[in-house]
Amino acid sequence: MNTNSVSTRARFAFIGFYTLLIALFLLFLYGILVARHGAQRGVWFPGDPLPPPTGLSTPLGTTVALEQYEEEAELARVLDTAREMGMGWLRQELPWDAIEPTPGEFQWEQWDRIVGAARERGFALVLVLNRTPEWARQPKEQDNPLAPPENSADFARFARAAAERYGDEVMAWQIWDEPNLMPHWGTEVIIDPESYAAFLASTVPVIRQADPDAVIAAGALGPTSEPGGFNISEMRFLQGLYDAGAAPYFDAVALKPYGFWYGPTERLYDEGTLNFDRPVLVHEVMQRNGDEETPVWFVEGGWVTLPDDWAGDPPPWGSHHPLLQGPRLEEAIRRTALEWRWVQLVALQPLQPNVGPQDPRVGLAMLDDSGTLTPLGETTARMGTLFFNGPMGAQERVDWENRGRAELLRFDWALLIIAGMFAVLAARWGWHVGSLPWAAWAGWFRRRPEWLQMAVLAAVALAFYEIDNRTVALLVYALLGVLVALRLDLGMAGVALSIPFFLQTKPFPPLQFSMVELLLLLCAAVWVARGLLLYPGNLLDRLRALFWPRDGLDWAMLLFVAWAALSVFFARRFGVASREFRVVVSESVAWFWLIRRAGLTSAQRWRLVDALVLSATAVSLYGLYQWLFTANIITAEGVRRIRAVYGSPNNLSLLLDRVLSIVAAVVLIAPLSRRRLLYTAAALPLGITLFLTFSRGAWLLGMPAAMLWLAWWGGRRARLAVGTVAVVGLLALVPFLGTERVASAANLEGGTFIVRVYLWKASLAMARDYPLLGVGLDNFLYTYDAYRLPQAWREPDLSHPHQIVLHFWLALGLPGVVFFFWQQGAFWRKWFAGIHHLPLNTLARALLVGLGASMVATLAHGLIDNSFFLVDLAFIWMMTMALIGDFNDGQRVPDAPALADP
């Protein structure tokens, strides 16, 4: 006994020693990854920069104050100088207080002169709608023209007048300036992104109505490190705009990247550091919100140069000698053009601010009082004529790409060497680990109550998600993998539970992963490892048992994922196509394969369904909380629409009509049981939330189709219940009949329906031009602009054709359409084969009918919206396919070992 104890202690000593060494290797690996990510953070490589807007020859521009030049000759001289400097566009304020000093009386003369002179010389214009006249100010902001008006409708009326007058003359409109800083959003209020989002929502539709081709830039965000209060950082403010649903109301994000006391290539990415690296942090916010293709515009920024004896106000941006600031500015322009493809327009130093001699903004100017170029102006002119409009830019881009490849190669070799050493050490360590009593420990865990096993696995998963320290998080992830290895079925239930939360990601720089894919990775790895160990025969037999298709449904999925992988190389944009292949196609098919091949019992298959219902219910309850107690909802067309954890109420409805179809089947068909009672309790929040999404696709197509299916196959009780629900639903609509959202639902000659018709016409034209291969996964957005009909100007940035067959066709070509119908044919063949062998009022029949109703809802709703090509939709699609694929009333698949059994 003592010998065994000593032996065990010796083994644990070895484990402790090797654990320390492996931890050091992990730190080295992580350090290299962090360094690699830091060198490439925010960088596009390889790829092409965003082209300037249509009609603009160069992205270089500047902010001007042309109202200060009263004489025509002086105005002409300044504009000609800007043109000689290589400028292509100008940003000019259009001050509301100067134009409408009296309500309803507009004074346009001065601004007509400015706009006309700029357009005569070929400049594109960005007009900034800003400043509140005294009569429109809030009582507490009477002395602050920079604060927004008391009534946003007054500003919207001014914006409409400006758009009607200058719509044909301008490139873009910027709505307000620096709304994240005091005093630009008032001096007595806490900065609130939601209030600015509401301001955009009341203004932008008016401008777009008057100027259908209007391009809207959100108010240029000023740099600040403050997390909130009277100032809020650009990153937090922009995230607040996304949370408030403001993304449809701006086409570009305008920034003011000042350099402060740092150079342009410090690569210090921190919210608390004021430097030229902050745009990268802003763009990462856009990426996290799925808005990475919206362009970023630099509208003001740069560095300050003031004399040593400066006696005016202190500059908040720092100051230094021109010999230092000039090279900084040059390198900043070069870095922006070479590294940041997402920056579409570049304007740093203002041309000549309209300020007094004691104002530090004179140190930003490119022209001095005499109209002569300052050192900063000379630097900009050199970059404008040689870099943007000359041979230097093209050559430097080639040189930069070559340097980038070499740098990446060095990092990759370092990673390979360290990873190889780690693998050798891990193999050596594995010899000692293998001698530990793992089977006894696993048996002890499996003998614990199941609720306790679930709680432990959930707690470890939550801890992994919440822990910020990357090294600790990786260790916790390894522990999570051990638990999944012990209870694969619970790990798979965790995948199902996390499906609606795919937008909440866990960052592992340089990538981010959702819990859906992180849990799926563990489950798939465990399944493969255990299958290779437990299946009989040689290695080839085991691989064949794991991966060789068993039936037509398997073949449809295997060839579908193979073709999708191949299609990535034909896509117009490889990057977005490869990402959609990974997160939507390959991972959802892996989920399908895992459900079919993991040897789940009937109870374990039901647990997957229970987990999905539980998560959808939690999302619904969260959405109802938002609707009742917060402003984090979408207000449009006279109704307040729930969106919960999604960016759009329509995305939420796509989840809920699929899940509610299954829940309704259990409630209406299954015999009385605890599950039926729980599903009945879940049906109420699911149904109310789905109703309050005000999704017409769910109201008119998805749920009616599913309910009719349930009435047909569910028996007399189901038919009575469906009729009752239909009556209740119609009565619930009565209070909303006067709203535009409901009143326009039957309008087939305008509103949303006619926009869909225009979209489908454009999509068919696109399909005619790309019939065989389509345009590629997630490439619709980048192709649609060339096909969009003029009548569809209200929705210029649609990312899919809103029709299920067209979506498969344009994403994957004609083979995609073939695989879509193949999958559906295999699904319904198995469904009808199963339904005739199941008696009424059984739990098995309830699940089968519910899965059929969910697919019917998917197909019906997919006639006018997305159907498969989102993570949650793809996973539910594949889960439905897999559960139907081996449906035989709860029996385990005969030729699959019970890998998931506890």
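None of these values were measured; they are calculated from a predicted model. Position labels on residues start from 1 in each chain and follow its written sequence. Where totals are concerned, whole chains, interfaces and linings use all residues; where local detail is concerned, this predicted model gives features only for residues with pLDDT of at least 70, and gives and counts side-chain atom pairs only at 80 or more. The side-chain quantities take in all heavy atoms of the structure and omit both hydrogens and water.

Colleague: Looking at this model, I keep getting lost on the overall build of the protein chain. Mind explaining?
Modeller: Secondary structure is summarised from DSSP: a helix means a run of H or I of at least four residues, a strand means a run of E of at least two, and numbering begins at the N terminus for each. A tally of regular secondary structure across the protein chain gives 30 helices and 12 strands. Per-residue burial for the protein chain yields a buried fraction of 55% across its 902 residues. For the protein chain, the share of sequence-separated contacts (at least 6 apart) that also reach a separation of at least 24 residues comes to 77%. For every accessible area listed, the method is Shrake-Rupley and the probe measures 1.4 Å; residues are considered covered only by the protein chains on display. Looking at the protein chain as shown, the accessible area adds up to about 38100 Å², and 63% of this sits on carbon and sulfur atoms. Only protein chains enter the accessibility calculation, which uses a 1.4 Å probe. A residue is then buried if its area is under 20% of the maximum for its type, exposed if over 50%, and partly exposed in between. Any pair of residues with heavy atoms lying within 4.5 Å of one another is described as a contacting pair.

Colleague: So what exactly am I meant to see when it comes to the pairing of strand 6 (residues 252–255) here?
Modeller: Taken residue by residue, a regular strand's side chains alternate between the two faces of the sheet. Every second residue of strand 6 is oriented toward a common face, with Ala252 and Ala254 on one face and Val253 and Leu255 on the other, all of them buried. The sheet contact formed by strand 5 (residues 216–221) and strand 6 spans three bridges and is parallel. When the sheet's bridge partners are listed, Leu221 is paired in strand 6 with Leu255. Handedness of the crossover joining strand 5 and strand 6 through helix 7 (residues 234–243) is recorded here as right-handed. For the segment spanning strand 6, helix 8 (residues 278–288) and strand 7 (residues 296–298), crossover handedness is right-handed. At least two bridges found by DSSP between two strands is the condition for calling them paired. With its strands directed away from the observer, a crossover is right-handed exactly when the path from the first strand over the helix to the second travels clockwise.

Colleague: Looking at this structure, how should I read the nonpolar core?
Modeller: Buried together is how nonpolar side chains tend to be arranged in soluble globular proteins. Among buried residues, the Ala, Val, Leu, Ile, Met, Phe, Trp, Tyr and Cys ones that are joined through side-chain atoms within 4.5 Å form a nonpolar core. Of all hydrophobic cores here, the largest spans 140 residues; its most connected members are Met492, Trp591, Trp831 and Phe868. In this structure, Trp831 is in contact with Trp709, Trp713, Leu848, Val849, Gly852 and Ile884, ignoring residues within four places of it in sequence. Counting 86 residues, the second-largest nonpolar core is a separate cluster that includes Val78, Leu90, Leu94 and Ile333.

Colleague: Sorry, what's going on with a nonpolar patch on the surface here?
Modeller: A residue counts toward a patch only above 30% relative accessible area and without a salt bridge, and it is joined to like-charged neighbours within 9 Å or, for Val, Leu, Ile, Met, Phe, Trp and Tyr, to nonpolar neighbours within 5 Å. Salt bridges, as used here, are contacts in which a Lys or Arg side-chain nitrogen is within 4 Å of a carboxyl oxygen on Asp or Glu. A contiguous nonpolar patch, built from Leu566, Phe569, Phe570, Phe574, Leu772, Leu773 and Leu814 and spanning about 680 Å² of accessible area, is present on the exposed surface. The class for Phe574 is partly exposed, based on a relative accessible area of 46%.

Colleague: Looking at this structure, how should I read the environment of Gln92?
Modeller: When you line up the elements, Gln92 lands in strand 2 (residues 89–95). Considered as a pair, Gln92 and Val115 are 23 residues apart in the sequence and their alpha carbons are 9.1 Å apart. Contact partners of Gln92, with chain neighbours within four places excluded, come to Val64, Ala65, Leu66, Glu67, Trp111, Ile114, Val126, Leu127 and Val128. Reaching out from Gln92, the side chain makes a polar contact with the side chain of Glu67 at a distance of 2.8 Å. Throughout this description, a polar contact denotes any pair of N or O atoms lying within 3.5 Å of each other; where both atoms belong to protein, one of them has to be capable of donating a hydrogen while the other can accept it, and for residues adjacent in sequence the pair is counted only when both atoms sit in side chains.

Colleague: Would you take a moment to explain the pattern of salt bridges for this structure?
Modeller: Side chains bearing opposite charge may pair, as long as their charged atoms lie close to each other. Evaluation of the coordinates by the stated rule reveals 35 salt bridges. A salt bridge links Arg91 to Asp177; the shortest N-O distance between them is 2.8 Å. A residue pair is termed long-range when its members are at least 10 positions apart, and Arg91 in strand 2 and Asp177 in strand 4 (residues 172–177) qualify at 86 residues. Note on Asp177: relative accessible area 10%, which makes it buried. Arg487 is paired through a salt bridge with Glu450; the nearest N and O atoms lie 3.0 Å apart.

Colleague: Can you help me understand helix 29 (residues 843–861) in this one?
Modeller: Given 3.6 residues per helical turn, the α-helix brings residues three or four places apart onto the same face. One less than the number of residues in a helix, times 1.5 Å, gives the span that helix is expected to have. End to end, helix 29 covers 26 Å across 19 residues, agreeing with the expected 27 Å (1.5 Å per residue, within 8%). The buried fraction of helix 29 is high, at 17 of 19 residues.

Colleague: So what exactly am I meant to see when it comes to the side chain of Gln349 here?
Modeller: Tracing the chain through its elements places Gln349 in the loop between strand 8 (343–346) and helix 10 (375–388). At a separation of 2.9 Å, a polar atom in the side chain of Gln349 contacts the main-chain carbonyl oxygen of Leu364. Setting aside anything within four residues of it in sequence, one finds Gln349 in contact with Thr62, Gly301, Gly302, Trp303, Leu329, Leu364, Met366, Leu376 and Thr380.

Colleague: Looking at this model, I keep getting lost on the sheet that holds strand 8. Mind explaining?
Modeller: Each strand in a sheet pairs with another by means of backbone hydrogen bonds, the pair being arranged parallel or else antiparallel. Sheet architecture is open: eight strands sit in the order 1-2-3-4-5-6-7-8, paired in parallel fashion. Each end of this open sheet is capped by a strand with a single partner; those strands are strand 1 (61–64) and strand 8. Going across the sheet, the axis of each strand differs from the next one's by a mean of 25°, ignoring polarity. With three bridges joining them, strand 6 and strand 7 adopt parallel strand pairing. When the sheet's bridge partners are listed, Val253 is paired in strand 7 with Val296. On the sheet, helix 8 packs against strand 6 and strand 7 and is oriented at approximately 155° with respect to strand 6. To get an axis, fit a line to the C-alpha atoms, keeping to the stretch in contact for a helix; angles then go from 0 to 180 degrees between the N-to-C directions.

Colleague: Any chance you could explain unusual backbone geometry here in plain terms?
Modeller: If a residue is not glycine, its phi is most likely negative; likewise, a peptide bond is most likely trans. Across the junction of Met182 and Pro183, the peptide omega takes the value 10°, indicating a cis bond. By secondary structure assignment, the location of Pro183 is in the loop between strand 4 and helix 6 (193–210). At Arg131, a position not held by glycine, the phi torsion is positive, near 75°. Looking at where Arg131 falls in the secondary structure, it is placed in the loop between strand 3 (124–130) and helix 5 (152–166).

Colleague: Whenever I open this one, helix 22 (residues 674–692) confuses me. Can you help?
Modeller: Spanning 19 residues, helix 22 covers 28 Å between terminal C-alpha atoms, matching the ideal 27 Å at 1.5 Å per step. Every buried residue of helix 22 is listed here: Arg676, Tyr679, Ala682, Pro685, Leu686, Thr689, Leu690, Phe691 and Leu692. Tucked into the core, helix 22 has its buried residues touching helix 20 (602–629), strand 12 (639–641), helix 21 (649–669), helix 23 (696–713) and helix 24 (716–733). Following helix 22 by one or two positions, Phe694 adopts a phi angle in the positive range, close to 50°.

Colleague: Sorry, what's going on with the side chain of Gln823 here?
Modeller: Relative to the helices and strands, Gln823 resides in helix 28 (residues 804–835). With relative accessibility at 1%, the residue Gln823 sits in the buried group. With near-sequence residues (within four places) excluded, Gln823 lies in contact with Leu553, Ala556, Met557, Phe560, Trp877, Met878 and Met881.

Colleague: I tried to follow the packing of helix 23 against helix 29 on my own but got confused; where do I start?
Modeller: Pairs of packed helices are described in terms of their axes, by the angle between the two and the distance that separates them. It is the contact of helix 23 with helix 29, at a shortest axis distance of 8 Å, that shows an interaxial angle of 150°. Accordingly, the angle class assigned to the pair helix 23 and helix 29 is roughly antiparallel. When the axes of helix 23 and helix 29 are compared, the crossing they make is right-handed. Residues Gly697, Ala698, Leu701, Gly702, Ala705, Ala706, Trp709, Leu710 and Trp713 of helix 23 form the contact with helix 29, whose participating residues are Arg845, Val849, Gly852, Ala853, Val856, Ala857, Ala860 and His861. Gly is placed with the polar residues, together with every amino acid not listed as nonpolar (Ala, Val, Leu, Ile, Met, Phe, Trp, Tyr, Cys and Pro) or charged (Asp, Glu, Lys and Arg). Counted by class, the contact of helix 23 with helix 29 contains 12 nonpolar, four polar and one charged residues. When an angle is under 35 degrees it counts as roughly parallel; over 145 it counts as roughly antiparallel; between 65 and 115 it counts as roughly perpendicular; any other value is oblique. Handedness of a crossing is defined here by the sense of rotation of the near helix relative to the far one, left-handed for an anticlockwise turn of less than a right angle and right-handed for a clockwise turn.

Colleague: How do you make sense of the packing of helix 20 against helix 22 when you look at a structure like this?
Modeller: Close contact between helix 20 and helix 22 brings their axes to 9 Å; oriented N to C, the two are set at 40°. Considering the angle they form, helix 20 stands oblique to helix 22. Taken as a pair, helix 20 and helix 22 cross one another with a handedness that is left-handed. Contact residues: helix 20 offers Trp606, Val609, Asp610, Val613, Ala616, Thr617, Ser620, Leu621, Leu624 and Trp627, while helix 22 offers Arg675, Tyr679, Ala682, Pro685, Leu686, Ile688, Thr689 and Leu692. Residue composition of the contact of helix 20 with helix 22, grouped by class: 13 nonpolar, three polar and two charged.

Colleague: Looking at this model, I keep getting lost on the confidence of the model for the protein chain. Mind explaining?
Modeller: Detailed reading of the predicted coordinates is not advisable wherever pLDDT falls low. Each residue carries a pLDDT score, the predictor's confidence in it, ranging from 0 to 100. Looking at the protein chain as a whole, its pLDDT mean stands at 85, while 86% of the residues score no less than 70. Counting contacts from residues 1–6, a segment whose pLDDT is below 50, to residues more than four positions away or on other chains yields zero contacts. Across residues 888–902, confidence stays below pLDDT 50; counting only partners more than four residues off in sequence or on other chains, it has 39 contacts.

Colleague: It is not clear to me how the pairing of strand 1 should be interpreted in this structure. Could you clarify?
Modeller: Neither face of strand 1 is exposed, since Gly61 and Thr63 on one face and Thr62 and Val64 on the opposite face are all buried. By the bridge criterion, four bridges tie strand 1 to strand 2 in an arrangement that is parallel. Its bridge partner lying in strand 2, Thr62 is registered against Leu90. Read as a crossover between parallel neighbours, the route from strand 1 over helix 2 (residues 72–84) to strand 2 is right-handed.

Colleague: Which parts of the structure should I look at to understand the packing of aromatic side chains?
Modeller: Each aromatic ring pair is specified by the distance between its two centres and by the angle formed by the two planes. What counts as a ring pair is set by centres within 6.5 Å for rings of Phe, Tyr and Trp (its six-membered ring), and what kind of pair is set by the plane angle: stacked under 30 degrees, edge-to-face over 60, tilted for all other angles. Counted according to the given criterion, the structure contains 57 aromatic pairs. Look at Tyr258 and Phe260: their rings are 6.3 Å apart centre to centre, the planes differ by 75°, and that puts the pair in the edge-to-face class. Phe260 matches Tyr258 in its accessibility class, with the two residues each being buried. Judged by centre distance (5.3 Å) and plane angle (25°), the rings of Phe691 and Trp699 are stacked.

Colleague: Whenever I open this one, the environment of Gly491 confuses me. Can you help?
Modeller: Secondary-structure assignment places Gly491 in helix 15 (residues 488–498). The exposure class assigned to Gly491 is buried, which follows from its relative accessible area of 0%. Each C-alpha atom, one on Gly491 and one on Leu608, is 9.9 Å from the other, the two residues being 117 residues apart in sequence. With residues up to four places along the chain from it excluded, the contact list for Gly491 reads Leu457, Val484 and Cys523.

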